[in-house]
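Listed below, chain by chain, are the residues.
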Amino acid sequence: MKLLIWDFDGTLAHRPSMWSGTLLHVLGEVHPGHQVKPEHLRPWLQTGFRWHAPEDEYPVLPAHAWWGELHPVFEQAYQAAGLDATVARRLAGEVQRHYTDPQHWEVYPDTGTTLEHLSVLGWRHVILTNHVPEFRELLKALGLSGHFLQVFNSAETGFEKPHPRAFRLVLESLGEAKQVCMIGDNIRADVQGARAVGLPAVLVRKNDPAAQWQCTDLSSLPGQLDAIFAD
Ligand SMILES: [Mg+2]
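Below is a short write-up of the structure. Bear in mind the structure is a predicted one, so any value in this text is a computation, not a measurement.

Reading the values: rules and limits
- Sequence order sets the numbering: in each chain, residues are counted from 1 along the sequence as written.
- Predicted model: local features are reported for residues with pLDDT of at least 70 only, side-chain atom pairs are reported and counted for 80 or more only, and whole-chain, interface and lining totals are derived from all residues.
- By convention in this description, side-chain values take in all heavy atoms of the structure and omit both hydrogens and water.
- Counted as coordinating are nitrogen, oxygen and sulfur atoms within 2.8 Å of the metal, or 3.2 Å for Na, K and Ca, while water is not included, which may make sites look incomplete.
- Pairs were defined over the aromatic rings of Phe, Tyr and Trp, the Trp ring being its six-membered one, requiring ring centres within 6.5 Å. Orientation was assigned from the angle between planes: stacked under 30 degrees, edge-to-face over 60, tilted for the rest.
- Here's how the labels work: a residue is buried when its accessible area is under 20% of the maximum for its type, exposed when over 50%, partly exposed in between, all with a 1.4 Å probe on protein chains only.
- Only the stretch in contact is used when a helix axis is fitted, and all axes are lines through C-alpha atoms; the angle between N-to-C directions ranges over 0 to 180 degrees.
- Secondary structure follows DSSP: runs of H or I at least 4 residues long count as helices, runs of E at least 2 residues long count as strands, and numbering of each begins at the N terminus.
- These descriptions rest on fixed angle ranges, namely under 35 degrees for roughly parallel, over 145 for roughly antiparallel, 65 to 115 for roughly perpendicular, and the rest for oblique.
- Two helices cross in a left-handed way if the nearer one is turned anticlockwise from the farther one by less than a right angle. They cross in a right-handed way if the turn is clockwise.
- Any two residues whose heavy atoms approach within 4.5 Å are treated as being in contact.
- Gly counts as polar in this scheme, as do all residues outside two lists: the nonpolar Ala, Val, Leu, Ile, Met, Phe, Trp, Tyr, Cys and Pro, and the charged Asp, Glu, Lys and Arg.
- In this context, the arc is that of the directions from the helix axis out to the C-beta atoms.
- Side-chain atoms alone can form a polar contact between residues adjacent in sequence; in general such a contact is a pair of N or O atoms within 3.5 Å, and within protein one must be able to donate a hydrogen while the other accepts it.
- When two cysteine sulfur atoms are found within 2.5 Å, that pair is recorded as a disulfide.
- Two strands qualify as a pair provided DSSP detects at least 2 bridges between them.
- Any Lys or Arg side-chain nitrogen located within 4 Å of an Asp or Glu carboxyl oxygen qualifies as a salt bridge.

## Details of the coordination of the magnesium ion
Part 1 of the reasoning: D7 (OD), D9 (O) and D185 (OD) make up the full set of protein donors to the magnesium ion, lying at 2.1 to 2.2 Å.
Part 2 of the reasoning: In the primary structure, the donors to the magnesium ion are separated according to the pattern D-x1-D-x175-D.

Here's what the structure looks like:
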């Protein structure tokens, strides 16, 4: 089997403005005239998520408890932007609903065609993502589930990329794969994480001199894979 391990966010789909955008959206529902800007929130969202400390192993929790770990992070961000503690707590509890709403996510235009084209070329696909517990539902709602043999989500495994265990779980469960490659937009989590367990990786939608293989969109991926596995 020829196997491609795909990152999700920033590779196959994205949520424009990510976490700061989600918090602003929640705030806008309650206080439509607010003056809070993304830059007021963003500095407070750079730590506190599981994937900010990928060297650790995490307990697998039900969704409400997983999100509960993040409530202090969201509350702190809202309070730093000038909201009082009671309002901040209430808004923090609404972030989950907004973040996981498929209507706020966009699949990149080249995602479906590239997955199908690579399938025709004999590649099978799995996802390896650092994500929220509701990821499978989100993937299904975006119409992408059918492309993938399996989904490996950090909220279900307890390991965040680039932890080597996150990658080894994929390889162990699909042990018969002959050719394997990681595809992702994050040099550290995807490319260097894959390399650390001996896998080639293609950086997509980004340029970085640290990446041996890269492409700015998915259309040139088949050619890159030909080059990687030329021998
Ligand atoms: Mg990504």
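## Observations concerning the packing of aromatic side chains
Part 1 of the reasoning: Overall, the coordinates contain 15 aromatic pairs when judged by the stated rule.
Part 2 of the reasoning: With a centroid separation of 5.4 Å and an interplanar angle of 85°, the aromatic rings of Y99 and W105 are classed as edge-to-face.
Part 3 of the reasoning: On the basis of relative accessible area, Y99 is assigned to the buried category, the value being 2%.
Part 4 of the reasoning: Among the residues examined, W105 registers a relative accessible area of 5% and is labelled buried.
Part 5 of the reasoning: Among the aromatic side chains, those forming a connected cluster through ring pairs are F8, W19, F49, W51, W66, W67, F74, Y99, W105 and F135.

## Some remarks on the packing of helix α1 (residues 18–30) against helix α4 (residues 71–80)
Part 1 of the reasoning: Interaxial distance between α1 and α4 falls to 12 Å at its minimum, and their mutual angle equals 70°. On the basis of their axis angle, the class for α1 and α4 is roughly perpendicular. Crossing of α1 against α4: the hand is right-handed. Counting all contacts with α1, which are made through W19, L23, V26 and L27, the residues of α4 involved are F74, A77 and Y78.
Part 2 of the reasoning: A breakdown of the residues in the contact of α1 with α4 according to their chemical character gives seven nonpolar, no polar and no charged.

## Re helix α7 (residues 111–120)
Part 1 of the reasoning: Every buried residue of α7 is listed here: T111, T114, L115 and L118. The arc that holds the buried residues of α7, viewed along the axis, is 100°, so those residues lie on one side. Away from its buried face, by an angle of more than 90 degrees, α7 presents the exposed residues T113 and V120.
Part 2 of the reasoning: Positioned one or two residues after α7, G122 has a phi angle of 100°, which is positive.

## Some words on the side chain of D7
Part 1 of the reasoning: For D7, the position within the fold is in the loop between β1 (2–6) and β2 (13–14).
Part 2 of the reasoning: When its relative accessible area of 5% is taken as the criterion, D7 is described as buried.
Part 3 of the reasoning: At 2.7 Å, the side chain of D7 and the side chain of T11 are in polar contact.
Part 4 of the reasoning: Leaving out residues up to four positions away in the same chain, D7 has contacts with L12, L128, K161, M182, I183, G184, D185 and D190.

## Thoughts on the state of the cysteines
Part 1 of the reasoning: Within the structure shown, the criterion is met by zero disulfides.
Part 2 of the reasoning: Free cysteine C181: the closest other cysteine sulfur is in C215, separated by 9.6 Å.

## Quick word on the sheet that holds strand β8 (residues 213–215)
Part 1 of the reasoning: Pairing is parallel in the open sheet, where six strands are placed in the order β5-β4-β1-β6-β7-β8. Both edges of this open sheet fall to β5 (148–153) and β8, since each of them pairs with a single strand only. Within this sheet the neighbouring strands show an average axis-to-axis angle of 25°, counted without direction.

## Notes on the pattern of salt bridges
Side chains that differ in sign of charge can pair as their charged atoms come close.
Part 1 of the reasoning: Evaluation of the coordinates by the stated rule reveals 10 salt bridges.
Part 2 of the reasoning: Here R89 and E75 are joined by a salt bridge, their closest N and O atoms 3.9 Å apart. Taken together, the residues R89 in helix α5 (residues 85–92) and E75 in helix α4 connect sequence positions 14 residues apart.
Part 3 of the reasoning: Relative accessible area serves as the criterion here: at 51%, R89 is assigned to the exposed category.
Part 4 of the reasoning: Judged by its relative accessible area of 16%, E75 falls in the buried class.
Part 5 of the reasoning: Here the salt bridges share partners, and the residues they tie into one network are D7, K161 and D190.

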